[in-house]
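Topology and contacts: notes
Next come the chains, spelled out residue by residue.
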Amino acid sequence: MIWLGIETSCDDTSAAVVKDGKEILSNLISSQIDTHKLYGGVVPEIASRKHLEAINPLINEALARAGKEWSDIDAIAVSCGPGLVGSLLVGVSAAKAAAAMLDVPLVGVNHLPAHIYANFLRENPPELPAAALLISGGHTCLAVMEAHGRFRFLGETRDDAVGECYDKSARIMGLPYPGGPEIDRLAKQGNRKAIHFPRPYLNESKYEFSFSGLKTAVLQYVKKNPDFSMPDVCASLQESIADVLARKTMNAAEEFGLKRLLIAGGVACNSRIREKFAKECERRGMELFIPPPILCTDNAAMAACCAHYEYMNGKRSDLSLDASPALPWGID
Ligand code: KG4
Ligand code: ZN
């Protein structure tokens, strides 16, 4: 089954052609980062205009790179929320137009589990159940993936997402947007034990996270220590984040007797997080899945993969499908 996937929930326009939910024939991402960089973060109005300019040529290019024609497409997948409403609308409208034109099934997917599905884009997809951790610029969620399309939601952040903590802390230190990759790079030359930043919520609220206080701790440290070592702050901040994420996730794996862990989202690119989780999983005999960096950030292949599994479970959307900016992950 050949899927055309479309993803426009934030600031990346993406179109992909995916076979049977596992084989990527093409996966193109048009990033707007250079534009948003000028403003220190994503500007929603600009994002939707850029999606509008990019979407049609990108879909045509994705078909060409996959060596497919419109008539080869069997179904259309699109992320319909959560995200920026103006951005989502561009993708949802393009997907509905394509499905109507081709008279093929349309499946709207939730962007959050779709991130987790990036781990299924492979010849031997993970078996279930598994722990699922989504760490991105907009979300920090922990869940148990019990079966395809069935998630038990355990907790999320009460304030900033983990990627937001990276981006805001970077801004405090005068680093460019997006801050995550910069902090990751600088941390490699720093001492992660140099500063003890708090481990927020480690003992409270079992599976909930809170990262806004950590950014404040960085602000206070930088103010008190004008000659601070950038690499040491980066390495110590990163250690605190990786520590909280790993300990909460491993507690969940233990409580629910899970032997597999699926991580996804832009922050899953982080080298220290990858290293720490690899070590923790090895110690417990758990199988760890983290997608390659290109599939960690927003992309349409993950939406197509998620839609494929949901379609197999009987899910269909119709032309009344709408953008749902606040779509929750929910219990199921
Ligand atoms: O998944 P994503 O592309 O967008 C959302 O759906 O939110 O994630 C973007 C986030 C940004 O906050 C960025 O700073 C962070 O992922 N990020 C990283 C790294 N690469 C990207 N954070 C830490 N370390 C990295 N290497
Ligand atoms: Zn995302």
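We now turn to the structure provided with this report. Please read all numbers here as calculations on a predicted model, not as lab measurements.

Before going further, it helps to spend a moment on the overall build of the protein chain. The helix and strand tally for the protein chain stands at 11 helices and 10 strands. Against the compact-globule benchmark of 20 Å for 332 residues, the protein chain has a radius of gyration of 20 Å, which places it among compact chains. Considering the protein chain as a whole, with its 332 residues, one finds that 53% of them fall into the buried category. Of the contacts made within the protein chain by residues no fewer than 6 positions apart, 75% connect residues no fewer than 24 positions apart.

Bringing the sheet that holds strand S7 (residues 140-147) into the picture now. The strand order across the open sheet built from 5 strands is S8-S7-S6-S9-S10, with neighbouring strands paired in mixed fashion. Edge positions in the sheet fall to strand S8 (150-156) and strand S10 (287-289), since each has one partner strand and no second. For this sheet, the mean angle separating the axes of adjacent strands, direction not counted, is 20°. In this structure, strand S6 (residues 130-135) lies alongside S7, joined through 6 bridges in antiparallel fashion.

Before going further, it helps to spend a moment on the packing of aromatic side chains. Tallying each qualifying case throughout the model produces 8 aromatic pairs. The interplanar angle of 65° and the centroid separation of 5.7 Å between the aromatic rings of Phe 120 and Tyr 309 together place this pair among those described as edge-to-face. Here the residue Phe 120 occupies a position in the loop between helix H4 (111-117) and S6, and Tyr 309 occupies one in helix H11 (residues 300-312), the gap between them amounting to 189 residues. Each member of the pair, Phe 120 as well as Tyr 309, carries the same accessibility label: buried. Grouped by ring-pair contacts, the aromatic residues Tyr 117, Phe 120 and Tyr 309 constitute a single cluster. Positioned above the aromatic ring of Phe 209, the side-chain terminus of Lys 248 is 5.6 Å from the ring centre. When the ring centre of Tyr 311 is taken as origin, the NZ or CZ atom of Arg 316, which lies over that ring, is 3.6 Å away.

Looking now at the pairing of strand S5 (residues 106-110). In terms of residue burial, S5 counts as a mostly covered element, since 5 of its 5 residues are buried. Taken together, the 5 bridges between strand S4 (residues 75-81) and S5 define a ladder with parallel strand orientation. Pairing of Ala 77 across the sheet is with Val 107, part of S5. Traced from S4 through helix H3 (residues 85-102) to S5, the parallel crossover comes out right-handed.

The zinc ion (ligand 2) binds to the protein through His 111 (NE2), His 115 (NE2) and Asp 298 (OD); the donor distances cover 2.1 Å. Considering all 4 donor atoms around the zinc ion (ligand 2), the spread of angles at the metal, 90 to 133°, places the coordination shape in the tetrahedral class. Mapped onto the sequence, the donors of the zinc ion (ligand 2) take the spacing H-x3-H-x182-D. Residue His 111 is found in helix H4, and its partner Asp 298 is found in the loop between helix H10 (293-296) and H11; the two are separated by 187 residues along the sequence. In this structure His 111 comes out as buried when scored by relative accessible area, which is 5%.

A separate point is the environment of Ala 161. Structurally, Ala 161 is set in the loop between S8 and helix H5 (162-172). On the basis of relative accessible area, Ala 161 is assigned to the buried category, the value being 0%. A sequence separation of 51 residues divides Ala 161 from Ser 212, and the C-alpha atoms of the two residues are 8.3 Å apart. Apart from the residues within four sequence positions on either side, Ala 161 is in contact with Ser 136, Gly 137, Gly 138, His 139, Thr 140 and Phe 211.

Reading guide: rules and limits
- Residues numbered from 1 in each chain as written.
- Chains lettered and ligands numbered in written order.
- Predicted model: local features only at pLDDT ≥ 70, side-chain atom pairs only at ≥ 80, totals over all residues.
- Heavy atoms only, no water.
- Helix = DSSP H or I, 4+ residues; strand = E, 2+ residues; numbered from the N terminus.
- Rg over C-alpha atoms; globule rule 2.2 N^0.38 Å.
- Buried < 20%, exposed > 50% of the residue type's maximum accessible area, 1.4 Å probe, protein only.
- Contact = heavy atoms within 4.5 Å.
- Pairing = 2+ DSSP bridges.
- Axes fitted to C-alpha atoms, helices over the stretch in contact; angles between N-to-C directions.
- Phe/Tyr/Trp six-rings, centres within 6.5 Å; stacked < 30°, edge-to-face > 60°.
- Lys NZ or Arg CZ within 6 Å of the ring centre and 35° of its normal.
- Right-handed = clockwise from strand over helix to strand, strands pointing away.
- Donors = N, O, S within 2.8 Å, 3.2 Å for Na, K, Ca; no water.
- Tetrahedral: all angles 85-135°; square planar, octahedral: opposite > 155°, others 65-115°.

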